[in-house]
Amino acid sequence: MESKVTVARRTFVARLAAAIGLAGVTSAVSETALAQTPAPQRWQPTHHPEDDWYNQTTGIHRFVFDSISPDGLSAAMGFATTFLEASKNGYGIKDADSAIIVIVRNRSTRFGYNDAMWAKYGKQFSEQLNNFVDPKTKEVPTVNIHATTDGTMDKLIKRGARIAVCEVATHGVASSLARSLSGDADAIFKELSANLVPSARLVPAGIVAVNRAQEHGYALYAGG
């Protein structure tokens with residue numbers, strides 16, 4: 001007849017073996033469940049056909065320059081020029097290897113329109129911009145001072161820069177012109193849209209272009 005000590009020892013060993021076996025089963029089940037759980041997917045932006053133009057470039061370095069005011073646009077274009085020059089001088093990179101987009105929105109939008117629009121609406125544009133004048137002549141501009149021949153925007157465009165013009169702001173400009181001139185806002189909007197500076201396109205909103213450009217790999221300069 002077994003002693004109480006022997007029985008107790010046998011019971012302890014049996015329980016220990018059962019516990020070890022259960023732990024092994026639990027571990028195996030956990031590892032199987034983990035293996036079957038799909039790994040979390042890395043977030044990727046959704047690309048829309050309307051945004052294909054962001055990729056229509058041979059540039060290996062992408063940079064978008066945002067602007068919302070006349071002074072902000074001047075600064076943005078100055079930095080864009082510096083970027084191209086430093087890339088060329090410091091890295092031997094050709095202009096074609098840099099993808100540059102300049103966004104004109106809010107109060108800088110009017111500089112997305114060509115000389116014909118400034119000749120026609122320059123007085124109203126100036127008034128809308130708190131009596132903006134040409135810094136050189138101190139007169140109300142009758143041309144787009146940035147995009148006219150040898151203007152900073154003109155030079156950037158010739159070096160491959162593209163201009164994104166805010167559609168929302170263009171509607172606002174057209175409505176303001178219509179009130180000032182007793183005109184038709186829709187007709188003026190169509191006129192402005194058909195008279196953008198070279199290498200420009202109307203985008204649904206400048207702020208949307210800021211977002212989409214970054215989602216397509218462009219670094220952002222946020223100007224004033």
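Refer to the preceding data block for the structure.
Residues numbered from 1 in each chain as written. Predicted model: local features only at pLDDT ≥ 70, side-chain atom pairs only at ≥ 80, totals over all residues. Heavy atoms only, no water.

1. Concerning the overall build of the protein chain
On a plain count of helices and strands, the protein chain comes out with 7 helices and 5 strands. The secondary structure elements of the protein chain, listed N-terminal to C-terminal, are α-β-α-β-α-α-β-α-α-β-α-β. The burial tally for the protein chain puts 38% of its 224 residues in the buried class. Considering only residue pairs separated by 6 or more positions, the protein chain has 73% of its internal contacts joining residues 24 or more positions apart. As displayed, the protein chain offers around 12,900 Å² of accessible surface, 57% of which is attributable to carbon and sulfur atoms. (Helix = DSSP H or I, 4+ residues; strand = E, 2+ residues; numbered from the N terminus. Buried < 20%, exposed > 50% of the residue type's maximum accessible area, 1.4 Å probe, protein only. Contact = heavy atoms within 4.5 Å. Areas by Shrake-Rupley, 256 points an atom, 1.4 Å probe, with all protein chains shown as cover.)

2. With respect to the pattern of salt bridges
Across all of its chains, the model carries 8 salt bridges by this definition. Between aspartate 51 and arginine 212 there is a salt bridge whose closest N-O contact spans 3.0 Å. Remark: arginine 212 occurs in helix H7 (residues 206-215) and aspartate 51 occurs in the loop between helix H1 (4-36) and strand S1 (61-67); sequence separation between them is 161 residues. On the basis of relative accessible area, aspartate 51 is assigned to the buried category, the value being 8%. On the basis of relative accessibility, which here comes to 21%, the residue arginine 212 falls in the partly exposed class. Of the charged contacts, one joins arginine 105 and aspartate 66 as a salt bridge, the two residues approaching to 2.8 Å between their closest N and O atoms. Taken together, the residues span a long stretch of sequence, with arginine 105 in the loop between strand S2 (98-104) and helix H3 (115-128) and aspartate 66 in strand S1 at a distance of 39 residues. Neither residue differs from the other here; arginine 105 and aspartate 66 are each classed as buried. Taken together, the salt bridges that share partners define one network made up of Glu85, Lys88, Asp95 and Arg159. (Salt bridge = Lys/Arg side-chain N within 4 Å of Asp/Glu carboxyl O.)

3. Considerations on H7
Listing the buried residues of H7 in full gives Gly206, Ala209, Val210 and Ala213. One face of H7 carries all of its buried residues, which in axial projection span an arc of 105°. In this structure, the buried residues of H7 make contact with S1, S2, strand S3 (162-166), strand S4 (200-203) and strand S5 (219-222). Looking one or two places after H7, you find glycine 217, whose phi comes out positive at around 90°. (Arc of directions from axis to C-beta.)

4. Some remarks on the packing of aromatic side chains
For the structure shown, the criterion picks out 11 aromatic pairs. Their ring planes at 70° and their centres at 6.3 Å tell us that tyrosine 54 and tyrosine 218 sit as a pair that is edge-to-face. Here tyrosine 54 is found in the loop between H1 and S1, whereas its partner tyrosine 218 is found in the loop between H7 and S5, with 164 residues between them in sequence. Take tyrosine 54 and tyrosine 218: they sit in the same class, and that class is buried. With centroids separated by 5.0 Å and ring planes inclined at 85°, the aromatic side chains of phenylalanine 63 and phenylalanine 83 adopt a geometry described as edge-to-face. Here phenylalanine 63 is found in strand S1, whereas its partner phenylalanine 83 is found in helix H2 (residues 70-91), with 20 residues between them in sequence. Residue class for phenylalanine 63 comes out buried when judged on its relative accessible area of 18%. The structure contains a cluster of three or more aromatic residues connected by ring pairs, namely Phe111, Tyr113, Trp118, Tyr121, Phe125 and Phe132. (Phe/Tyr/Trp six-rings, centres within 6.5 Å; stacked < 30°, edge-to-face > 60°.)

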